[in-house]
Amino acid sequence: MKTIKVLIVTIMCILLVSSPEIMAQTEKKPVSKGKTSHSETTKPKTSSQTVASDLKGAKEGIWGEWMKPVGKLEFYTLPYPYDALEPAIDKMTVEIHYERHHRGYFDKMQKAVSGTDAAEKNLLEIFSNMDKFPDAVRNNSGGFFNHALYWDNLTPKKQEPSRQMIELIEKSFGNYDSFVKKFDEAAANRFGSGWAWLAVDIKSGELFITSTANQDNPLMSIAERRGIPLLALDVWEHAYYLKYQNKRTDYINSFWSVVNWPVVEARYNQFKSIMEKVK
Amino acid sequence: MKFEFPELPYAYDALEPHIDKQTMELHYTKHHKGYFDKFTAAIQGTELESKSLEEIFSNISKAPAAVRNNGGGYYNHSLFWKVLSPNGGGDPTGPIAEAINTQFNSFAEFQKKFDEAAANRFGSGWAWLCVKKDNSLSICSSPNQDNPLMDVHDCQGQPILGLDVWEHAYYLKYQNRRPEYISAFWKLVNWDQVNENYKNARR
């Protein structure tokens, strides 16, 4: 019985990998055959489930999840259906981005830390000592974490920044428009693959905008300017190419219509709780 | 030096089914053309205007990022289109076949190494077959639009075969399956052109 099950899963994997058409048409079913069942953790939430439940890890706020040893982390659950961000981000992009890219980083991260000291450390500890770990840990732990931040800071429900958020932004960037302009530039000018960030400076507590290459992030000890990320924008081509092709700026403009400001603000309100942990 | 935007040596759909028409069209008219335009804008009115690409690359560490990124993008894609052909693929022929067999034991072993270089380049970049100063061959990869002619590169040489592994080169057709795109590439390699490049690269 078990053999047949494994066989079916294997065939499904082959079908999914070999044909984008089939991939697009097939109902979303868990295709992993790892030691734990991911059927619950990988299934995206349906529309009826609330997006507000993004704020997970009650004990240590939104950062609680990241305090677990990497080896014990489970794959991230997408907090909305694949088509929820339409038309800003299309269904197929979200599906492939989450199921293939994000999932791939998670699996490769687990493979890279398996049997090493890194498996016992949490992501913040790893990022704070990034130069001491191999590239496979850097690339894949970054990829896993960054995408989780990204999905969390997007929402199908149009959100506006609160008064507190606006004031913080005005304090650092003059006004909201110059903040957006600066963020857009960081995202557009990151050459190749990478991310744009709004972050809180680890030393001064000020907001700043930066971009990182590939799957690096501002928490990493190797970052140009270190900070706690509040808002993440993926500018790898895989994040937008199916819908926007070479027009990255159109994707960046659409991004603003799906930003989850309450999540950004919650990250800000709790940044102090992790400042000490990443220094 | 007068820089020109090269013509694509075949139609957009010529490399189907391995590289699809829409990808070719966007890649050539948007990405490649974009690099060319930005490169010429970046060197306009500077001393670099009178230099060859090779000269510019050999001192790229002293040039602005716009020259490095767009000059690289212009050169790399120009080489890439030429080493592909609708009539390409198959085993290498001529002197490059001999050199590959001598240095890598077999075409299969060479391909395996090249595939690894292309698959393991994290993020955006290129995989290369180069001729080094001692005329030996080397396989390497570079990030973004860098190439082995640039003085910033740890693998120095004259590129004679290049493979674009930016996601824009394959995402519409292959999405996250970069290895499938790499396999398809071998069905298109224009070995006559690689031989020509090999001849010109040797000293």
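Residues numbered from 1 in each chain as written. Chains lettered and ligands numbered in written order. Predicted model: local features only at pLDDT ≥ 70, side-chain atom pairs only at ≥ 80, totals over all residues. Heavy atoms only, no water.

Undergrad: In this structure, what is going on with the overall build of chain B? I would like to understand it.
TA: Along the backbone of chain B there are eight helices and three strands. Buried positions account for 56% of the 203 residues belonging to chain B. Here the contacts in chain B between residues at least 6 apart in sequence split such that 68% fall between residues at least 24 apart. Just so you have it, chain B exposes about 8,900 Å², and 46% of that area is on carbon and sulfur atoms. (Helix = DSSP H or I, 4+ residues; strand = E, 2+ residues; numbered from the N terminus. Buried < 20%, exposed > 50% of the residue type's maximum accessible area, 1.4 Å probe, protein only. Contact = heavy atoms within 4.5 Å. Areas by Shrake-Rupley, 256 points an atom, 1.4 Å probe, with all protein chains shown as cover.)

Undergrad: Hey, could you run me through the pairing of strand β2 (residues 137-143) of chain B in this one?
TA: On a regular strand, one side chain projects to one face of the sheet and the next to the other, so that they alternate. All names here are of chain B. Counting buried residues in β2 gives five out of seven residues, a clear majority hidden from the surface. Judged from the seven bridges that link them, strand β1 (residues 125-131) and β2 form a sheet pairing that is antiparallel. Each residue of the ladder has a partner; that of valine 131, found in β2, is leucine 137. Here β1 folds back onto β2 in antiparallel fashion, the turn holding five residues, of which asparagine 135 has a positive phi close to 70°. (Pairing = 2+ DSSP bridges.)

Undergrad: What's the story with the packing of helix α4 (residues 94-104) of chain B against helix α8 (residues 191-201) of chain B in this structure? I'm lost.
TA: Angle between the axes and distance between the axes are the two parameters that describe a pair of packed helices. Residues and elements named next belong to chain B. Their axes nearest at 7 Å, the elements α4 and α8 cross at an angle of 80°. In terms of orientation, α4 lies roughly perpendicular with respect to α8. Contacts from Gly94, Pro95, Ile96, Ala99 and Ile100 in α4 reach Trp191, Val194, Asn195 and Tyr198 in α8. Taken together, the residues of the contact of α4 with α8 sort by class into seven nonpolar, two polar and no charged. (Axes fitted to C-alpha atoms, helices over the stretch in contact; angles between N-to-C directions. Parallel < 35°, antiparallel > 145°, perpendicular 65-115°, else oblique. Nonpolar A, V, L, I, M, F, W, Y, C, P; charged D, E, K, R; others polar.)

Undergrad: Sorry, what's going on with the nonpolar core here?
TA: Generally speaking, a soluble globular protein has its nonpolar side chains buried in company with each other. Counting residues in hydrophobic clusters, the biggest one holds 77 residues, and the most contacted among them are Phe144(A), Phe179(A), Phe183(A), Leu198(A), Leu233(A), Tyr251(A) and Trp256(A). Excluding residues that lie within four positions of it along the chain, Leu198(A) makes contacts with Phe173(A), Phe179(A), Phe183(A), Leu207(A), Phe208(A), Ile209(A), Ile228(A), Pro229(A), Leu230(A), Leu231(A) and Val264(A). Grouped together as the second largest cluster of nonpolar side chains are 49 residues, Tyr35(B), Ile100(B), Phe114(B) and Trp166(B) included. (Core = buried A, V, L, I, M, F, W, Y, C linked by side-chain atoms within 4.5 Å.)

Undergrad: How should the environment of Trp197(A) be read in this particular structure?
TA: All names here are of chain A. Looking at where tryptophan 197 falls in the secondary structure, it is placed in strand β1 (residues 194-201). Distance in space between the C-alpha atoms of tryptophan 197 and alanine 186 is 8.1 Å, their sequence separation being eleven residues. For tryptophan 197, the side chain forms a polar contact with the side chain of threonine 212, separated by 2.8 Å. (Polar contact = N/O pair within 3.5 Å; in protein donor to acceptor, adjacent residues only side chain to side chain.)

Undergrad: Would you mind showing me how to read unusual backbone geometry here?
TA: With the exception of glycine, most residues fall at negative phi, and the peptide bonds are largely trans. Pro87(A) follows Glu86(A) through a cis peptide bond whose omega is 0°. Take Pro87(A): it is sitting in the loop between α3 (39-42) and α4 (91-113). Here the residue pair Glu16(B) and Pro17(B) is connected by a cis peptide bond, since its omega of 0° sits within 30 degrees of zero. Even without being a glycine, Asn214(A) presents a positive backbone phi close to 50°. Relative to the helices and strands, Asn214(A) resides in the loop between β2 (207-213) and β3 (227-234). Despite not being glycine, Asn135(B) has its phi angle at roughly 70°, a positive value. Structurally, Asn135(B) can be placed in the loop between β1 and β2.

Undergrad: How should the state of the cysteines be read in this particular structure?
TA: Here, disulfide denotes a covalent bond that connects the sulfur atoms of two cysteines. Residue and element names in this part refer to chain B. Tallied over the full model, the rule gives one disulfide over all chains. Covalently, cysteine 140 is tied to cysteine 155 through a disulfide, its sulfur atoms 2.1 Å apart. The chirality of the disulfide connecting cysteine 140 with cysteine 155 is left-handed, given an S-S dihedral of about -50°. Here cysteine 155 lies in the loop between β2 and β3 (158-164) and cysteine 140 lies in strand β2, a separation of 15 residues in the sequence. Residue classification places cysteine 155 among the buried residues on the basis of a relative accessible area of 12%. In this structure cysteine 130 is not part of a disulfide, and its nearest cysteine sulfur, from cysteine 140, lies 4.4 Å away. Since its relative accessible area comes to 0%, cysteine 130 is described here as buried. (Disulfide = S-S within 2.5 Å.)

Undergrad: Help me understand the sheet that holds β2(A) in this model?
TA: What holds strands together in a sheet is hydrogen bonding between their backbones, with the strands either parallel or antiparallel. Residues and elements named next belong to chain A. Read from one edge of the open sheet, three strands run β2-β1-β3, paired in antiparallel fashion. Two strands lie at the open edges of the sheet, namely β2 and β3, each paired on one side alone. Taken over all neighbouring pairs, the strand axes of this sheet differ in orientation by 30° on average, direction set aside. As judged from the seven bridges shared by β1 and β3, these two strands associate in the antiparallel manner.

Undergrad: What's the story with α4(B) in this structure? I'm lost.
TA: Each turn of an α-helix holds 3.6 residues, which means side chains three or four residues apart point in the same direction. Residue and element names in this part refer to chain B. Listed as buried for α4 are Ile96, Ala97, Ala99, Ile100 and Phe104. Seen end-on, α4 carries its buried residues on one side only, within an arc spanning 165°. Exposed positions of α4 whose direction lies more than 90 degrees from the buried face are Glu98 and Thr102. Those residues of α4 hidden inside the fold are in contact with α5 (107-120), β1, β2, β3 and α8. Remark: asparagine 105 follows α4 within two positions and exhibits a positive phi of approximately 75°. (Arc of directions from axis to C-beta.)

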